[in-house]
Structure formats: structure tokens, C-alpha cells
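Survey of secondary and tertiary structure
Letter by letter, the chains look like this.
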Amino acid sequence: MPPVVILSEEPIQIAPTVFKTGEGAEAQFLGVVRGMEDEKTISGIDYSAYLPMAEKMLQNLVERGQHEHGPHRVFIQHRLGFVAAEQPSILIQVRTKHSAESFDLCRWYLKEIKTSVPIWKRAVFVD
């Protein structure tokens, strides 16, 4: 699993875990559209992005992660377009030697994506 970053309208499919020699842990975050936004029922969320910029920023984020946190493998997929309630909108998988590193990096990637990558969301309310 070389660093992979996918921004697409394709549904998230979770592949089986295959470890390389020396890897002992994988942390995974799967974010799902909740079905509620500001205490109101939604049918889903419409995600949009300026694709060239968002892809470049995600690639830079992965490079920064490698530089600042040492070698690891990472896979990130973020859905674009309409994602229905109860469907996955983001998947982050991080593989490292040790469990603590995987958990920390998975949380770090999620925080950085939410705060620095230009992906916008618009809730689609039921009424």
C-alpha cells in the first residue's frame, strides 16, 4: 500500500488488510454521514472540492506525515458528491510497526484533513 489518496464519487470499499514485513498494526477510521445536522434530519451530505487543489494538498499532507512521523503506509479516500445518511464519507487506514503510532497517525490525518484540505460539505435536509 504505497501512499494512496482518492477523492471521488465512488463508494468506499474496504479491502482486506495485507501487512508487509515489519508492520504490526493498522488503525482505521471510517466516517459515516450521521443523518442529523444541527438537530435536524438530513438525507445526506453533498461534498464538493476544488479537485486540483484538494488532491495536491492531500498529497502534500501525506508527504508531510512521512517526513514528520517517519515511514508508514497510508490510504485515504474521501467521497465527493452526494453521500446518503448512514453511508461512509471518509476512510483513513494507517499501517506502522506499532499500534500507538497507527492510532496517533490516523487521528493526525483526520484532524489535518478536516482543518486544511478544501473539501466543503452541505447538508441536504429532509424538509
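Residues numbered from 1 in each chain as written. Predicted model: local features only at pLDDT ≥ 70, side-chain atom pairs only at ≥ 80, totals over all residues. Heavy atoms only, no water.

**Topic: the sheet that holds strand β1 (residues 4–8)**
Strands belonging to one sheet form pairs held by backbone hydrogen bonds; the direction of such a pair is parallel or antiparallel. If you walk across this open sheet you meet the four strands as β1-β5-β7-β2, and the pairing is mixed. The open sheet is flanked by β1 and β2 (25–32), the only strands paired with a single partner. Across the sheet, the mean angle separating the axes of adjacent strands is 5° when strand polarity is ignored. Relative to strand β7 (residues 88–96), β2 runs antiparallel, the two being bridged by eight bridges. Bridging from a neighbouring strand, Val32 pairs with Pro88 of β7. Sitting on the sheet, helix α1 (residues 51–69) touches β1 and β5 (73–79), and the angle it makes with β1 is about 160°. Strands β2, β5 and β7 of the sheet are contacted by helix α2 (residues 99–116), whose axis makes an angle of about 145° with β7. (Pairing = 2+ DSSP bridges. Helix = DSSP H or I, 4+ residues; strand = E, 2+ residues; numbered from the N terminus. Axes fitted to C-alpha atoms, helices over the stretch in contact; angles between N-to-C directions. Contact = heavy atoms within 4.5 Å.)

**A word on the layout of surface pockets**
Looking at the largest pocket, its volume works out to about 370 Å³. Surrounding the largest pocket, 20 residues form its lining, Tyr47, His78, Ser89, Lys114 and Lys121 being those nearest its centre. Of all the elements in the fold, those that place two or more residues in the lining of the largest pocket are β2, β3 (36–37), β4 (40–49), β7, α2 and β8 (119–125). Along the lines of polarity and charge, the residues of the lining of the largest pocket split into 12 nonpolar, four polar and four charged. (1 Å grid on protein atoms, 1.4 Å probe; cavity = no way out; pocket = protein on both sides within 12 Å on 5 of 7 lines; lining within 4 Å. Points joined across faces, edges and corners; volume = space filled by probe spheres on them. Nonpolar A, V, L, I, M, F, W, Y, C, P; charged D, E, K, R; others polar.)

**Describing the packing of aromatic side chains**
Considering all chains together, one arrives at one aromatic pair under this definition. When the centroid spacing of 5.0 Å and the interplanar angle of 75° are considered together, the rings of Trp108 and Tyr109 count as edge-to-face. Relative accessible area serves as the criterion here: at 14%, Trp108 is assigned to the buried category. Stacked on the ring of Phe125, the Lys or Arg Lys40 has its end atom at 5.6 Å from the ring centre. Here the guanidinium or amino end of Arg95 rests over the ring plane of Phe19, the centre of that ring lying 6.0 Å away. (Phe/Tyr/Trp six-rings, centres within 6.5 Å; stacked < 30°, edge-to-face > 60°. Buried < 20%, exposed > 50% of the residue type's maximum accessible area, 1.4 Å probe, protein only. Lys NZ or Arg CZ within 6 Å of the ring centre and 35° of its normal.)

Purely geometric stuff here, so don't read any function into it on its own.
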